[in-house]
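# Chains, contacts and geometry: an overview
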Number of protein chains: 2
Amino acid sequence: MEFLQQSFSVKFDYKVYFTTHLFDRANDTLSSFLKERMEEGTIQKVLFVLDQGVDEAHPGLKQGIQDYFETVDNIHLILETLVVPGGEEAKNDESLLYQVIDAVNAHGIDRHSYLVAIGGGAVLDMVGYAAAISHRGVRHIRIPTTVLSQNDSGVGVKNGVNFYRKKNFLGTFAPPVAVFNDYHFLTTLSDLDWRSGMSEAVKVALIKDASFFDWIEHNATMLAARDMGAMKYLVKRCAALHLDHIAGKDPFETGSSRPLDFGHWSAHKLEALADFSIRHGEAVAIGIALDTVYSMLTKRLSEADARRILVVLQNLGFPLQHPLLKFEEGNSPLLDGLSEFREHLGGKLTIMLLIAIGTGEEVHEMNEKLIRESSEWLERYAHEQTIRL
Amino acid sequence: MEFLQQSFSVKFDYKVYFTTHLFDRANDTLSSFLKERMEEGTIQKVLFVLDQGVDEAHPGLKQGIQDYFETVDNIHLILETLVVPGGEEAKNDESLLYQVIDAVNAHGIDRHSYLVAIGGGAVLDMVGYAAAISHRGVRHIRIPTTVLSQNDSGVGVKNGVNFYRKKNFLGTFAPPVAVFNDYHFLTTLSDLDWRSGMSEAVKVALIKDASFFDWIEHNATMLAARDMGAMKYLVKRCAALHLDHIAGKDPFETGSSRPLDFGHWSAHKLEALADFSIRHGEAVAIGIALDTVYSMLTKRLSEADARRILVVLQNLGFPLQHPLLKFEEGNSPLLDGLSEFREHLGGKLTIMLLIAIGTGEEVHEMNEKLIRESSEWLERYAHEQTIRL
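Residues numbered from 1 in each chain as written. Chains lettered and ligands numbered in written order. Predicted model: local features only at pLDDT ≥ 70, side-chain atom pairs only at ≥ 80, totals over all residues. Heavy atoms only, no water.

The name an unreviewed UniProt entry gives chain A is 3-dehydroquinate synthase, with Imperialibacter roseus as the organism. Looking at chain A in UniProt, the text filed under Cofactor (unreviewed entry) is "NAD(+)". (UniProt positions renumbered as here; feature names shortened; annotations may be inferred.)

If you check UniProt for "domain: 3-dehydroquinate synthase C-terminal" (unreviewed entry), the listed places come out as residues 197–328 of chain A in our numbering. In residues 197–328 of chain A, the share of helix is 65% and the share of strand is 0%. The end C-alpha atoms are 31 Å apart. (Helix = DSSP H or I, 4+ residues; strand = E, 2+ residues; numbered from the N terminus.)

So, about the environment of Asn105(B). Residue placement: Asn105(B) occurs in helix H5 (residues 94–106). The residues touching Asn105(B), leaving out its near neighbours within four places in the chain, are Tyr164(A), Lys166(A) and Phe169(A). (Contact = heavy atoms within 4.5 Å.)

Right, let's get into the relation of the copies chain B and chain A. After a rotation of 180° and a shift along the axis of 0.0 Å, chain B superposes on chain A with an RMSD of 0.0 Å. Interpreted geometrically, this transformation is the action of a two-fold axis. Looking at the rotation axis and the C-alpha trace of chain B, the residue lying nearest is Val10(B), at 2.7 Å. Interface overlap between copies: 100% of the residues of chain B at the interface are likewise at the interface in chain A, consistent with a symmetric, same-surface contact. (Least-squares fit on C-alpha atoms with pLDDT ≥ 70 in both.)

Each partner contributes to the interface: chain B provides 73 residues, whereas chain A provides 74 residues. Both faces combined, the contact of chain B with chain A buries some 6700 Å², and carbon together with sulfur accounts for 55% of it. Across the chain B-chain A interface, the total number found is 2 salt bridges. Between Lys236(B) and Glu2(A) there is a salt bridge, and its shortest N-O distance comes to 2.9 Å. Joining chain B to chain A, the criterion identifies 38 residue pairs in polar contact (both at pLDDT 80 or more). If you list the elements that add at least two residues to the side of chain B that touches chain A, you get strand S1 (2–19), helix H1 (29–36), H5, helix H6 (121–133), strand S8 (166–170), helix H11 (228–247) and helix H15 (336–345) of chain B. With 17 residues, S1(B) is the largest single contributor of residues to the side of chain B that touches chain A. In the side of chain B that touches chain A, the residues fall into 32 nonpolar, 21 polar and 20 charged. As defined by bridge partners, strand S1 (residues 2–19) of chain A adjoins S1(B) across 17 bridges and the pair is classed as antiparallel. (Buried area = accessible area lost by both parts, 1.4 Å probe. Salt bridge = Lys/Arg side-chain N within 4 Å of Asp/Glu carboxyl O. Polar contact = N/O pair within 3.5 Å; in protein donor to acceptor, adjacent residues only side chain to side chain. Nonpolar A, V, L, I, M, F, W, Y, C, P; charged D, E, K, R; others polar. Pairing = 2+ DSSP bridges.)

The structure is reproduced here in structure tokens:
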């Protein structure tokens, strides 16, 4: 057989910065970054896209950005800041994607210029996708503003939009050139958004880092009470675990294994059933609870550990079940979630379960009867708790 | 400054196979490839998209593919083969892209299944883009059918479609999982398509490989007369030089340097001026002629070498000039091509010129007066040739 072998590696490097008040003129985190990457003989442009929720919570932000860039030489700030609706709407409405691409074209953002997104995970995913496909990739900077995006999706390498009502049907793997986590944005989050970002931290602790789980356990009530010191630690530790995971075996996920999707097969189904009215983080907490009990009923995980996990989720303020997933006459829409998850991964069904706090185990099938028993176990557990209160 | 450093490499490997009659049941090039990548517990699907021109020139091909896959176990061939118009139309008409993405969705092509494109460079670019963005990348196989796509674009890592009438405005860098060059497809090409693919071979020889240029020079008349043995050598040598180049410094082109774009700044402009009615390869030949003369007039390249290059282009059957680029009253639309090329690259203008056959040199500006003189020199040259005949 006659062939030529092609083989090469592409190196990706980026920093995830942690700061407060990124656009304070005295804060040189962003300006130093841009200065380091200046290129002789070119004027680099910067175009901002802003999550509407952030715009409303921080009415001075747009002006603050303009003031900040007055101090940065040789960078051309595009004065028109695009504002797009946040949440899943940003990924469902194709016209928003094209609004961003139109602006890239209209303002001549080239492969050496920057497209910056400020917002929650959905806005970052949509703008990141626009950046990845425009001119085969313009430089993309992420400024995540929620707990979830600062500790999870915003620091990673994926982007995407929904299509055919399917989550992330269109998207790419495209690392940003930098991520700037500004803790100040967390102060204006609703309690629901503050809380729901923490389920990914519980998840990554459970599959990778028992001592981080211990820390969350000890600090759960402070975290629930919006203690910023505790939250800063949680965000940074969780981001670090995510970065390590991505840099590990399979950054662009060519295999079927996705350990970080622990608790996600049922969470995805729940989000779809709720027409995305439920937060991703809330759905993940419910998914973690279910797969924790399943791990216990299949004798992988001790009951004591399972109960510790459920208590932590509750102390953080999460519900452990959702009416949409309930079994009735032995059936639940939940069960379809397994085959949909397989299709989503591609290839073989691969589900992460727990054998201990901090240690996961991958399986390639789940027993429907035991899924139902896990759901019923959780119902009894919740009932006992109610009685105790 | 507080930050976490992310750093990882992604390895890309693929083979470019050379064969004849790929879908002959006795030919196991493709079936062996698929068998090697089979995964226990999954049925991988294969969806074909076919260039209409190829479909018309090879009316038995669709049936041939079906017959071939009857011999391949555990692979599910999708019986509906999509047929799309070839040429730049494939990249200009957005509805064709969505037709491919619709089929990916309808047939449940997942990240472990295959989307195969058979056709010229434009169809490969469009289908490759659809593959790259569906589910963040389904496996993409390319079967180039023209000289140009077999020796150049089809073996590389880029895809894209035109948008806002701008060439490749949307696209990604996404290596295929394999390329199958089937020489038999070259037998049905028009003389124009046969010839126009050879200009990229001349180009890559001129900037990288003097001995390959010597070979083309010796075989120019045989190549023009459609000798298949000579063409096989040209395609394979040219593909090898392209693969080496991509695997070199900057596979995903983050810098401003693009040596392979020798002769391309004026070629891009000419294609746009002609509304893509001229073949890319024809435009590149004209671009090579212009930058060869410019290299000579700026004392980089000897006149003897410049004349050798022009003679080779002519012996291959290329015109050296085009009326659309003519200077009138000291001006030509050609001159706008320089700034457009800078925008296309992003960053600093970087143009490759020649200092010898086989050796290029990058410059960051070109002199408009000397561009005009180069154009006029070529006009006199063509005129002298006509008189001599």
